[in-house]
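Coordinate analysis (summary)
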Amino acid sequence: MALSFTSSSAVHGSSLYSSFEQPKDSFLDAQFGSSQPLGWLNLPSTAVKFSRRRCAVKPLNAEPKRKDSIVPSAATIVAPGVVEKVEVEDYEKLANELENASPLEIMDKALEKFGNDIAIAFSGAEDVALIEYARLTGRPFRVFSLDTGRLNPETYKFFDKVERHYGIRIEYMFPDAVEVQALVRSKGLFSFYEDGHQECCRVRKVRPLRRALKGLRAWITGQRKDQSPGTRSEVPVVQVDPVFEGMDGGVGSLVKWNPVANVKGEDVWKFLRTMNVPVNSLHAKGYISIGCEPCTRPVLPGQHEREGRWWWEDSKAKECGLHKGNIKEETLNGNGAVHANGTSTNADLFVTENVVNLSRPGIENLLKLENRREPWVVVLYAPWCQFCQAMEVSYVELAEKLTGSGVKVGKSRADGEEKAFAQQELRLGSFPTILFFPKHSSYPIKYPSEKRDVDSLLAFVSALR
Ligand code: SF4
């Protein structure tokens, strides 16, 4: 039973547990025997109402009591709940107030507000910075991690190193064995390469996370705006969690803190070096963003860090479900704003004589090798898609540069009625999808990168033509 709680009072101790151990039975009784009903009301998404009465501390994974637990019940000092006090917080307002605050200040505020009802989500990568910030506040803190069973050996060793360095126990969450068994028996060990990572992530990450969060009122993540231009560019420093529920249940029952949202990756690394914080040895091998072993690879200089994750998929799908709230609804649904007659309210994109507009018969023709006289590069797009809009200038410039080169440049709208066809025949994952149709092959090649500047696109075309 993974019940262990991290306390800053463990930070400097040479012994991991001696100063916090309590009789297990009294700890568990305290947790399950005295919880109070909490006053949940229907509230706007920006406000969270909760009782600050904390006579019970709910564990991350509320399992039945087991006498043979080897995990100590550290940091289970239960604050005597005497005064019932109701707080209503506007987290949008708080996020604005903290927008220019330092990560340390934000971390301090988070720990101060939520005490033992908040925990740091630690992935085993550079988000170890969160643990260091928490230590620096001098407040008690908890750390949890999702052990998917598919992590690199280096990451497991790193977990152990972090536990020893900080004198803490990480609260590991594991996937449900029956669910993993069903998935692997029916689809094999590497089904994510065939049909996308969502199903495996749901079983190995999202559901264990959901269970963890049901024991909390708030969590702390290492999300940064610069991590993914596709999905994380608008991450606030604190928000009501748009996806998951906390221990009180219901939409809005969980608060998500992102203390390093505004920090650049290079500055996180400066901080780690300055503070002499241990890091995952995979970083020295070229890994930046680190997840499961089969789904993470090193990136080359100049490549974006998220290009090392699920590299066989499109950029905007690159959330494992843990931060799904970052993905805009229109991106998830594949629909933009539309007029009553079904047409998009956005102006068309890539409108230039150098880009050929391909309707369904045109793109079907390209799929037939016998009708292709020259190689083509084609973007599958939707005018309402902000990522398509963002690459308009570079794609138009690409078309100009390729004029007279023997490579044709095209575009094909793939939303609305065309979407199912594009998904089935052209491997459309999300917008934009860029395809190269080689002259002598019937198989279109998908552009694998998130970099959509003209040089990167040109390099792709030149490498394949
Ligand atoms: Fe499965 Fe890969 Fe997701 Fe890990 S990252 S849970 S291996 S799909």
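Above this note sits the structure.
Below or above, wherever it landed, is the structure these notes cover. (Residues numbered from 1 in each chain as written. Predicted model: local features only at pLDDT ≥ 70, side-chain atom pairs only at ≥ 80, totals over all residues. Heavy atoms only, no water.)

1. Some remarks on the overall build of the chain
Of regular secondary structure, the chain possesses 15 helices and 13 strands. When the 465 residues of the chain are sorted by exposure, 52% land in the buried category. Restricting the contact set of the chain to residue pairs at least 6 apart, pairs at least 24 apart contribute 75%. A total accessible area of about 21300 Å² is found for the chain, and carbon and sulfur atoms account for 51% of it. (Helix = DSSP H or I, 4+ residues; strand = E, 2+ residues; numbered from the N terminus. Buried < 20%, exposed > 50% of the residue type's maximum accessible area, 1.4 Å probe, protein only. Contact = heavy atoms within 4.5 Å. Areas by Shrake-Rupley, 256 points an atom, 1.4 Å probe, with all protein chains shown as cover.)

2. Some remarks on the site of the ligand
Neighbouring the ligand are R150, F192, H197, C200, C201, R204, K205, C292, C295 and W310. Structurally, the ligand is housed in the second largest cavity. Counting residues per element, the shell around the ligand draws most heavily on helix 8 (residues 198-213), which supplies four residues. (Near = heavy atom within 4 Å. 1 Å grid on protein atoms, 1.4 Å probe; cavity = no way out; pocket = protein on both sides within 12 Å on 5 of 7 lines; lining within 4 Å. Sits in = over half its atoms within 2 Å of the grid points.)

3. Some thoughts on the pattern of salt bridges
A full pass over the atoms with the stated rule returns 22 salt bridges. Between E179 and R207 there is a salt bridge, with its nearest N and O atoms 3.1 Å apart. Taken as a pair, E179 in helix 6 (residues 177-187) and R207 in helix 8 lie far apart in primary sequence, 28 residues in all. Taking relative accessible area as the criterion, E179 reaches 28% and is therefore assigned partly exposed. Look at R207 and you get partly exposed, because its relative accessible area is 36%. One connected set of salt bridges, linked through shared partners, spans D117, R217 and D248. (Salt bridge = Lys/Arg side-chain N within 4 Å of Asp/Glu carboxyl O.)

4. Regarding the packing of helix 3 (residues 103-114) against helix 4 (residues 128-137)
Orientation of helix 3 relative to helix 4, taken along the N-to-C sense of each, is 70 degrees, at an axis distance of 9 Å. It follows that helix 3 is roughly perpendicular to helix 4 by the angle criterion. The way helix 3 lies across helix 4 gives a crossing that is right-handed. Residue-level inspection shows P103, L104, M107, D108 and L111 of helix 3 in contact with helix 4, the latter providing L130, Y133, A134, L136 and T137. (Axes fitted to C-alpha atoms, helices over the stretch in contact; angles between N-to-C directions. Parallel < 35°, antiparallel > 145°, perpendicular 65-115°, else oblique. Left-handed = near helix turned anticlockwise from the far one by under 90°.)

5. Some details on the sheet that holds strand 11 (residues 408-413)
In space, the five strands of this open sheet follow the order 9-11-10-12-13, with mixed pairing throughout. Each of the sheet's edge strands pairs with one partner strand only, and the pair in question is strand 9 (356-357) and strand 13 (445-446). Alignment of strand 10 (residues 376-381) against strand 12 (residues 433-437), held across five bridges, turns out to be antiparallel. Among the inter-strand pairings, V378 is bridged to a residue of strand 12, identified as L435. The strands that helix 11 (residues 360-367) touches are strand 10, strand 11 and strand 12; relative to strand 10, the one it contacts most, it runs at about 135 degrees. On top of the sheet, helix 15 (residues 454-464) reaches strand 10, strand 12 and strand 13; it is set at about 25 degrees to strand 12, its chief contact. (Pairing = 2+ DSSP bridges.)

6. Some remarks on empty space enclosed by the protein
Leftover empty space is mapped by rolling, across the atoms, a probe with the size of a water molecule. Under the criterion given, the structure shown has five cavities of 30 Å³ or more. Roughly 100 Å³ of volume is contained in the second largest cavity. T148, R150, F192, H197, C200, C201, R204, K205, C292, P294, C295 and W310 together form the lining of the second largest cavity. Per-element tally for the lining of the second largest cavity: the top contributor is helix 8, with four residues. (Points joined across faces, edges and corners; volume = space filled by probe spheres on them.)

7. So, the pairing of strand 11
Where strand 9 lies against strand 11, two bridges are found, and the strand directions are parallel. By the bridge assignment for strand 11, V356 is matched with G410. Both strand 10 and strand 11 contribute to a ladder of six bridges, which runs parallel. From the neighbouring strand, W376 faces strand 11, where its bridge partner is K408.

8. Concerning the nonpolar core
Judged by nonpolar contacts, the single largest core of 46 residues is most densely connected at F122, I220 and W257. When residues of this core are assigned to their parent elements, the largest contribution, six residues, is made by helix 4. Those residues in contact with F122 that lie beyond four places of it in its chain are D127, V128, I131, V143, F144, S145, F158, F159, V162 and I170. (Core = buried A, V, L, I, M, F, W, Y, C linked by side-chain atoms within 4.5 Å.)

9. Considering the sheet that holds strand 8 (residues 255-257)
What the six strands build is an open sheet, ordered 5-4-3-6-8-7; its pairing is mixed. Every other strand in the sheet has two partners, leaving strand 5 (171-173) and strand 7 (238-240) as the edge strands with one partner each. Between one strand axis and the next, the sheet turns through 25 degrees on average, direction left out of account. Pairing of strand 6 (residues 218-220) with strand 8, which is carried by three bridges, proceeds in the parallel orientation. Within strand 8, the residue paired with W219 across the bridge is K256.

10. Describing the environment of E234
The residue E234 is located in the loop between strand 6 and strand 7 in this model. Separated by 28 residues in sequence, E234 and N262 have C-alpha atoms that sit 9.7 Å apart.

Functional significance is not addressed by these values, which are geometric in nature.
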